[in-house]
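# An overview of the molecular structure
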Protein chains: 2
Amino acid sequence: MKQLINVPETVVADALRGMAAAHPELTVDVSARLVVRRDAPVAGKVGLVSGGGSGHEPLHGGFVGPGMLDAACPGEVFTSPVPDQMVKAAAAVDGGAGVLFVVKNYTGDVLNFDMAAELAEDEGVQVAKVLVADDVAVVDSTFTAGRRGTGGTLFVEKIAGAAADEGAPLDRVAWIARKVADSCRSFGVALTACTTPAKGSPTFDLPDGELELGIGIHGEPGRERRGMMTAREIADATVDALLTDLQPTAPVLLLVNGMGGTPLLELYGFNAEVRRALDARGVVVARTLVGNYVTSLDMAGASVTFCQADEELLRLWDAPVRTAALRWGV
Amino acid sequence: MKQLINVPETVVADALRGMAAAHPELTVDVSARLVVRRDAPVAGKVGLVSGGGSGHEPLHGGFVGPGMLDAACPGEVFTSPVPDQMVKAAAAVDGGAGVLFVVKNYTGDVLNFDMAAELAEDEGVQVAKVLVADDVAVVDSTFTAGRRGTGGTLFVEKIAGAAADEGAPLDRVAWIARKVADSCRSFGVALTACTTPAKGSPTFDLPDGELELGIGIHGEPGRERRGMMTAREIADATVDALLTDLQPTAPVLLLVNGMGGTPLLELYGFNAEVRRALDARGVVVARTLVGNYVTSLDMAGASVTFCQADEELLRLWDAPVRTAALRWGV
């Protein structure tokens with residue numbers, strides 16, 4: 001597989017230099033591996049910090065800005081960032097009201113954010129954490145004890161970010177973040193494997209004529225291999241997997257997410273089938289987002305996430321946001 | 001190549017159903033193949049209509065909304081829309097001030113928009129046209145007499161859309177659109193071929209270890225095949241090709257555009273190298289956009305477009321826009 005890179009060793013640093021060049025509204029520290037909103041810390045506002053392995057862009061750096069994250073800590077590709085990044089991020093965004101860590105449920109991320117929370121508290125920053133574990137496909141996986149954190153992260157970061165923007169205190173922001181995390185469910189499908197820069201070839205073998213249902217965002221094994229299916233069949237299988245886990249009792253926010261290598265033309269077609277499947281099962285969709293948001297490098301495929309949203313979550317979802325990848329109302 | 005579709009014959013209709021489901025702010029007519037802003041026609045405002053073959057999403061449907069296009073006419077994949085679509089679009093968006101057709105320079109598109117302009121004028125709609133032919137790679141190509149129209153289209157649609165939003169009359173909007181088209185230059189690089197739904201396999205052969213400089217957005221031949229290059233080498237070759245054609249004398253708006261299959265992580269790294277190359281050659285970048293905007297299905301690769309922008313074009317670029325794919329200031 002050919003890649004538009006210099007050498008594998010500098011992929012993350014090169015991308016951060018490119019982010020810095022494109023986004024003057026961000027402070028990008030290439031050597032410390034930090035993406036911070038330029039006006040941080042915002043006095044009196046709870047700071048939101050997230051991070052994780054690179055390769056899932058625009059998550060998380062593309063979600064830094066007013067109404068969403070205050071800082072992101074990118075690790076190497078598919079590798080957790082280190083506690084030092086998170087401690088620096090916490091210090092950079094603490095406006096005196098404390099900091100919320102948004103953590104996807106992968107063993108390395110959880111350990112490192114835990115350690116960082118202790119270190120940051122030692123330095124006088126009040127820290128709360130929320131764990132995102134929304135992927136219904138499998139329990140326990142290659143890098144995870146429990147469920148994996150995937151597309152639900154976007155909803156947690158957006159909605160908790162809006163609550164922080166409104167001036168909610170740390171315990172309230174954390175409470176809302178946990179409520180969103182509890183209200184999200186995701187399921188992904190891979191048509192091809194992804195190629196990491198270090199390996200330079202597909203990270204697993206997915207033969208022509210087969211797909212994998214329940215794939216993880218690092219290519220972790222899903223539930224089953226199947227012969228190739230139509231968009232309609234994939235949508236039905238995906239929606240069934242989601243609703244078997246949680247049948248929404250309120251309208252949902254819907255994310256039809258590309259894994260990186262699937263054209264937007266196909267994603268919109270898939271959204272039509274996902275909506276048909278949800279309609280047929282009595283699920284009301286309040287808002288829809290279609291595009292590449294939580295990716296797996298160049299993997300072809302898609303994931304579906306819903307977030308069951310009461311009036312308050314819907315209002316916070318609609319609140320203004322101004323980041324590189326998500327932007328409305330401002 | 002595996003695709004997330006039902007059958008090739010319904011790919012465009014399926015995508016339009018998915019757009020309709022995701023974007024209640026648009027009127028999507030699936031059978032007539034039209035994407036129109038819901039509040040069209042806007043009384044007294046010049047209407048902007050564009051269109052072209054599908055497979056380049058978010059272009060053009062993703063650019064319909066306040067501050068940009070009033071309507072888009074999607075053809076079949078890599079196939080011009082027909083005059084009937086354009087005439088219907090013109091009628092739907094004419095608020096009494098006339099309509100501007102934004103036409104990418106491909107033979108089919110040019111002929112069909114010409115015919116549509118005559119038909120629309122017969123129906124009493126005043127029509128002006130702007131031709132976008134910004135790709136410096138080759139003169140005359142598979143589907144083109146003269147230069148191909150590619151990434152510059154985004155700048156034409158955004159900036160002319162802002163002028164129309166400000167209430168400029170048709171001759172003025174057309175004048176600005178032509179000025180933007182004249183100020184844009186593009187150059188693209190393919191690492192892989194794209195796969196059309198109808199063919200189901202790569203549309204041309206690009207061996208491992210080779211890339212193609214100067215590729216078109218339908219995979220039309222470029223300038224040359226080369227052994228694989230680093231992002232830095234590709235950026236230098238691209239920027240040299242652009243500046244040999246036009247050395248900007250004003251700051252530029254920069255688009256570092258993914259062809260569909262290249263991860264955002266790589267695109268940001270490429271942006272770092274493009275910026276380095278421009279800096280080294282004395283070109284000042286005023287604004288940067290990095291992402292998949294004018295794509296070629298699942299092709300891996302990228303294109304670079306710059307638009308030389310005086311104070312007025314910069315002001316119109318910064319003006320509010322609210323579409324599915326481009327959104328700021330509102």
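Here, residues in each chain are numbered from 1, in the same order as that chain's written sequence. All chains are assigned letters beginning with A, and all ligands numbers beginning with 1, in the order in which they are written. Since the coordinates come from a predicted model, pLDDT governs what is reported: local features require at least 70, and pairs of side-chain atoms require 80 or more to be given and counted, while whole-chain, interface and lining totals use all residues. The basis for every side-chain value is the complete set of non-hydrogen atoms in the structure, without hydrogens or water.

Looking now at the pairing of strand S2 (residues 34-37) of chain B. Residues and elements named next belong to chain B. Neither face of S2 is left uncovered, since the one carrying Leu34 and Val36 and the one carrying Val35 and Arg37 both have all their residues buried. If you look at the hairpin formed by strand S1 (residues 26-29) and S2, you'll find four residues sitting between the two strands, and Arg33 has a positive phi there, around 60°. Here S2 runs beside strand S4 (residues 71-77); their pairing, made up of two bridges, is antiparallel. Bridge pairing in S4 links Val35 to Ala72. Remark: exposure states derive from per-residue accessible area (1.4 Å probe, protein chains only) relative to the maximum for the residue type, with buried under 20%, exposed over 50%, and partly exposed in between. Only DSSP runs of H or I reaching four residues or more are called helices, and only runs of E reaching two or more are called strands; each is numbered from the N terminus. Being paired, for any two strands, means DSSP has found at least two bridges between them.

What follows covers the pattern of salt bridges. Pairs can form between side chains of opposite charge once their charged atoms are near each other. By convention in these notes, a salt bridge is any Lys or Arg side-chain nitrogen within 4 Å of a carboxyl oxygen on Asp or Glu. All chains considered together, the criterion is met by 44 salt bridges over all chains. The partner of A:Asp135 in a salt bridge is A:Arg148, and the shortest N-O contact between them spans 3.1 Å. Pair noted here: A:Asp135 is in the loop between strand S6 (127-132) and helix H4 (152-165) and A:Arg148 is in the loop between S6 and H4, with a separation of 13 residues, a long-range link. Of the two residues, A:Asp135 and A:Arg148, neither departs from the other in class, the shared state being buried. Note that A:Glu273 and B:Arg17 form a salt bridge whose closest N and O atoms lie 3.0 Å from each other. With one member in each of two chains, A:Glu273 in helix H7 (residues 264-280) and B:Arg17 in helix H1 (residues 11-22) form a pair that bridges those chains. Look at A:Glu273 and you get buried, because its relative accessible area is 1%. One salt-bridge network, held together by shared partners, links A:Asp14, A:Arg17, B:Arg232, B:Asp236, B:Asp240, B:Glu273, B:Arg276 and B:Arg281.

Further remarks concern the domain arrangement of chain A. Residues and elements named next belong to chain A. Domain start and stop positions are those given by an automatic or database domain assignment. Domains assigned within chain A are domain 1 (14-178) and domain 2 (184-317). Computed over C-alpha atoms only, the centres of domain 1 and domain 2 are separated by 23 Å. By definition in these notes, contact holds between two residues if any of their heavy atoms fall within 4.5 Å. The interface is formed by 33 residues belonging to domain 1 together with 36 residues belonging to domain 2. What counts as buried area is the accessible surface, traced by a 1.4 Å probe, that two parts surrender upon association, with contributions from both included. When the two sides are added together, the surface that domain 1 and domain 2 hide from each other amounts to roughly 2800 Å², 66% of it contributed by carbon and sulfur. Three residues, Phe78, Val136 and Phe155, lead the burial of domain 1 against domain 2; their summed loss comes to 22% of the area buried on that side. Where domain 1 packs against domain 2, one counts three salt bridges. Of the charged contacts in the structure, one is a salt bridge between Glu166 and Arg315, with a shortest N-O distance of 2.5 Å. Polar contact is the term for a pair of N or O atoms within 3.5 Å; when the atoms are in protein, one must be able to donate a hydrogen and the other to accept it, and sequence-neighboring residues count only if both atoms are side-chain atoms. Our enumeration of links across domain 1 and domain 2 arrives at 18 residue pairs in polar contact (both at pLDDT 80 or more). Three classes are used: nonpolar for Ala, Val, Leu, Ile, Met, Phe, Trp, Tyr, Cys and Pro, charged for Asp, Glu, Lys and Arg, and polar for all others, with Gly counted as polar. For the side of domain 1 that touches domain 2, a count of residues per class yields 16 nonpolar, eight polar and nine charged.

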